[in-house]
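Structural overview for review
The primary structure of each chain is shown beneath.
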Amino acid sequence: MGFSRWLNRTVGFFVFFILDIVDFLLCFTYKTLDFFFESEWKPCYCCPPPEAKPIAAGGSRVGKMIVSERSGEYSKVVSLTRTKIHLDEISDTLYSRPSLLTRLTKLVKCFKKDVVKCCDESKKRSPSTKKTLLTVNSTVVEKLRRTPRWSDCHCTFCTSWLSSSNHSLFVNVQQPKDNKAQENVVFIHGFLSSSTFWTETLFPNFSDSAKSNYRFLAVDLLGYGKSPKPNDSLYTLKEHLEMIERSVISQFRLKTFHLVAHSLGCILALALAVKHPGAIKSLTLLAPPYYSVPKGVQGTQYVMRKVAPKEVWPPMAFGASVASWYEHISRTVSLVLCKNHHLLEFLTRLLTRNRMRTYLIEGFLCHTHNASWHTLHNIIFGSGSKVEAYLDHVRDNVDCEVTVFHGGRDELIPVECSYGVKRKVPRARIHVVPDKDHITIVVGRQKEFARELELIWRRSTTPQLHSIN
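Rules behind the numbers
- Residues numbered from 1 in each chain as written.
- Predicted model: local features only at pLDDT ≥ 70, side-chain atom pairs only at ≥ 80, totals over all residues.
- Heavy atoms only, no water.
- Helix = DSSP H or I, 4+ residues; strand = E, 2+ residues; numbered from the N terminus.
- Buried < 20%, exposed > 50% of the residue type's maximum accessible area, 1.4 Å probe, protein only.
- Contact = heavy atoms within 4.5 Å.
- Pairing = 2+ DSSP bridges.
- Axes fitted to C-alpha atoms, helices over the stretch in contact; angles between N-to-C directions.
- Right-handed = clockwise from strand over helix to strand, strands pointing away.
- Patch = residues over 30% accessible without salt bridge, like charges linked within 9 Å, V, L, I, M, F, W, Y side chains within 5 Å.
- Areas by Shrake-Rupley, 256 points an atom, 1.4 Å probe, with all protein chains shown as cover.
- Salt bridge = Lys/Arg side-chain N within 4 Å of Asp/Glu carboxyl O.
- UniProt positions renumbered as here; feature names shortened; annotations may be inferred.
- Parallel < 35°, antiparallel > 145°, perpendicular 65-115°, else oblique.
- Left-handed = near helix turned anticlockwise from the far one by under 90°.
- Nonpolar A, V, L, I, M, F, W, Y, C, P; charged D, E, K, R; others polar.
- pLDDT = per-residue confidence, 0-100.

Some thoughts on the overall build of the chain
- In terms of helices and strands, the chain carries 16 helices and twelve strands.
- By residue count, 49% of the 469 residues in the chain fall in the buried class.
- In the chain, 77% of the contacts between residues at least 6 apart in sequence involve partners at least 24 apart.

Regarding the sheet that holds strand β12 (residues 429-433)
- Pairing within the open sheet is mixed, and its seven strands lie in the order β6-β8-β7-β9-β10-β11-β12. Looking at which strands have only one partner, the edges of the open sheet turn out to be β6 (171-174) and β12. On average, each strand axis in the sheet is inclined to that of its neighbour by 15°, with strand direction left out of account.
- Summarising the sheet, β6 and strand β8 (residues 214-219) pair through four bridges and their orientation is antiparallel. When the bridges of β8 are listed, asparagine 172 appears paired with alanine 218.

Considering the environment of serine 292
- Within the secondary structure, serine 292 is located in the loop between β10 (280-286) and α8 (299-307).
- With 128 residues separating them in the primary sequence, serine 292 and glycine 420 have C-alpha atoms 7.0 Å apart.

Some remarks on the pairing of strand β11 (residues 401-407)
- Extensive coverage of β11 is indicated by the burial of seven of its seven residues.
- Burial along β11 is two-sided: the face carrying Glu401, Thr403, Phe405 and Gly407 and the face carrying Val402, Val404 and His406 are both buried.
- With five bridges connecting them, β10 and β11 associate as parallel partners. Counted as the bridge partner of serine 282 is glutamate 401 from β11.
- As judged from the five bridges shared by β11 and β12, these two strands associate in the parallel manner. Residue pairing for β12: valine 404 is matched across the bridge by isoleucine 430.
- This β-α-β element, β11 to helix α15 (residues 416-424) to β12, shows right-handed connectivity.

Digging into a nonpolar patch on the surface
- A surface patch of nonpolar side chains, amounting to about 530 Å² of accessible area, comprises Leu343, Phe346, Leu347, Leu350 and Leu351.
- With respect to the secondary-structure elements, leucine 343 resides in helix α11 (residues 341-352).

Description of the UniProt feature "transmembrane region" (unreviewed entry) in the chain
- Per the UniProt record, the feature "transmembrane region" (unreviewed entry) sits at residues 12-33.
- Across residues 12-33, the secondary structure splits into 100% helix and 0% strand, with the terminal C-alpha atoms separated by 30 Å.

Concerning the packing of helix α7 (residues 264-275) against helix α13 (residues 369-381)
- Relative to each other, α7 and α13 sit at 55°, their axes nearing to 10 Å. By the angle between their directions, the pair α7 and α13 is classed as oblique. Judged by the twist between their axes, the crossing of α7 over α13 is left-handed. Contacts between α7 and α13 involve Leu264, Ile267 and Leu268 from the former and Thr375, Ile379 and Ile380 from the latter.
- Of the residues in the contact of α7 with α13, the class split is five nonpolar, one polar and no charged.

Here we look at the confidence of the model for the chain
- With 79% of its residues at a pLDDT of 70 or more, the chain has an overall mean of 83.
- Confidence over residues 79-87 falls short of pLDDT 50; this stretch has 20 contacts with residues more than four positions distant or in other chains.
- In this model, residues 464-469 is a region of pLDDT below 50 whose contacts with residues beyond four sequence positions or in other chains number twelve contacts.

In structure tokens:
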């Protein structure tokens with residue numbers, strides 16, 4: 001075990017150093033291509049924000065700006081409209097992804113800084129204005145852009161949201177024929193997925209009794225499936241929650257509802273439970289990405305290293321590491337795969353002679369790089385220190401049944417994450433399904449899981465269940 005671990009780290013050191021160089025070169029490549037196709041230089045997260053400028057009072061500029069003053073593990077996002085200023089947070093992992101190449105670059109910069117130290121002394125900010133001056137990085141201000149970028153897919157499926165005037169999330173609804181559902185169930189998919197993860201697996205397998213009593217609402221998250229994929233969005237937790245509230249809770253006038261969420265969707269489900277504690281009838285989490293952050297450790301960086309440990313084995317860890325640490329390599333993967341998802345679906349059908357359904361490919365590839373990159377960092381990594389507080393709130397203030405399912409062979413989110421939920425919320429029921437992974441916890445056992453969900457919903461009407469320890 002010790003040798004294999006050493007070999008994994010040694011090989012990983014050289015592989016990821018090469019990837020560092022490739023990503024560095026791709027940065028300049030994409031800046032050139034962006035300018036060629038869009039006549040505009042596009043900012044990226046390769047370097048920390050340059051010197052910022054104060055926000056001008058008044059004016060008609062509309063867009064988003066990154067505030068240079070940092071708060072713990074986050075930078076602030078100022079969203080400007082003609083009537084309001086909104087403050088949001090982005091994860092520091094967008095800018096702070098240490099690599100050997102960046103360390104070498106910093107050494108060079110530190111040397112230059114020492115040489116001109118006497119010149120820099122006069123430019124230091126006074127202590128009295130350090131915390132009161134609101135500054136923003138003017139280089140990352142972008143006006144609202146709704147049209148797809150040149151590297152995004154332009155097919156009718158991926159751009160169907162542009163024909164809608166309200167830009168709400170796409171919600172796949174299945175309800176009784178008489179439209180008299182007694183209860184509502186909201187399904188939230190995970191990272192690189194879509195509502196088809198539920199509609200193609202669970203919806204056809206619910207019993208006739210469930211179909212006649214429940215209204216099922218499976219939502220495509222912002223940036224995924226048929227939902228809007230705005231280029232100006234930073235896909236923060238606040239944006240995701242507001243879109244779900246507007247497109248699902250408000251649109252369908254939900255007073256109470258059950259929540260079923262997978263992977264990344266578990267974070268959003270917990271946040272919804274915190275905001276709407278009296279509305280949640282049951283909370284079912286599949287493979288929740290909860291990592292107990294040690295005291296004194298930066299939560300965002302800790303979670304990123306847990307999810308993406310920069311190792312070449314197993315393959316799932318390598319894929320997660322490439323997607324998390326390399327902005328431009330991941331954009332290249334998105335350019336090759338997502339932009340050509342119809343071709344991949346066709347080849348899959350051809351090679352399998354139509355024996356394999358391609359809904360997982362649709363969910364995995366029908367998104368933009370901007371959406372996946374920011375959602376990964378701002379939700380999974382950026383919520384590293386928040387999930388614990390959410391669980392505390394659910395334990396103390398949300399009176400509903402909590403059930404957690406996890407695949408025994410899940411290599412992406414370890415089973416320990418679910419046991420951590422149990423420690424925070426003692427009444428939670430934990431079900432570890434042997435020989436199932438991150439996807440097959442549902443896919444392949446949809447009939448069984450549909451029955452398990454129906455049992456949970458029936459139990460949620462029993463008063464004494466909330467005292468379970």
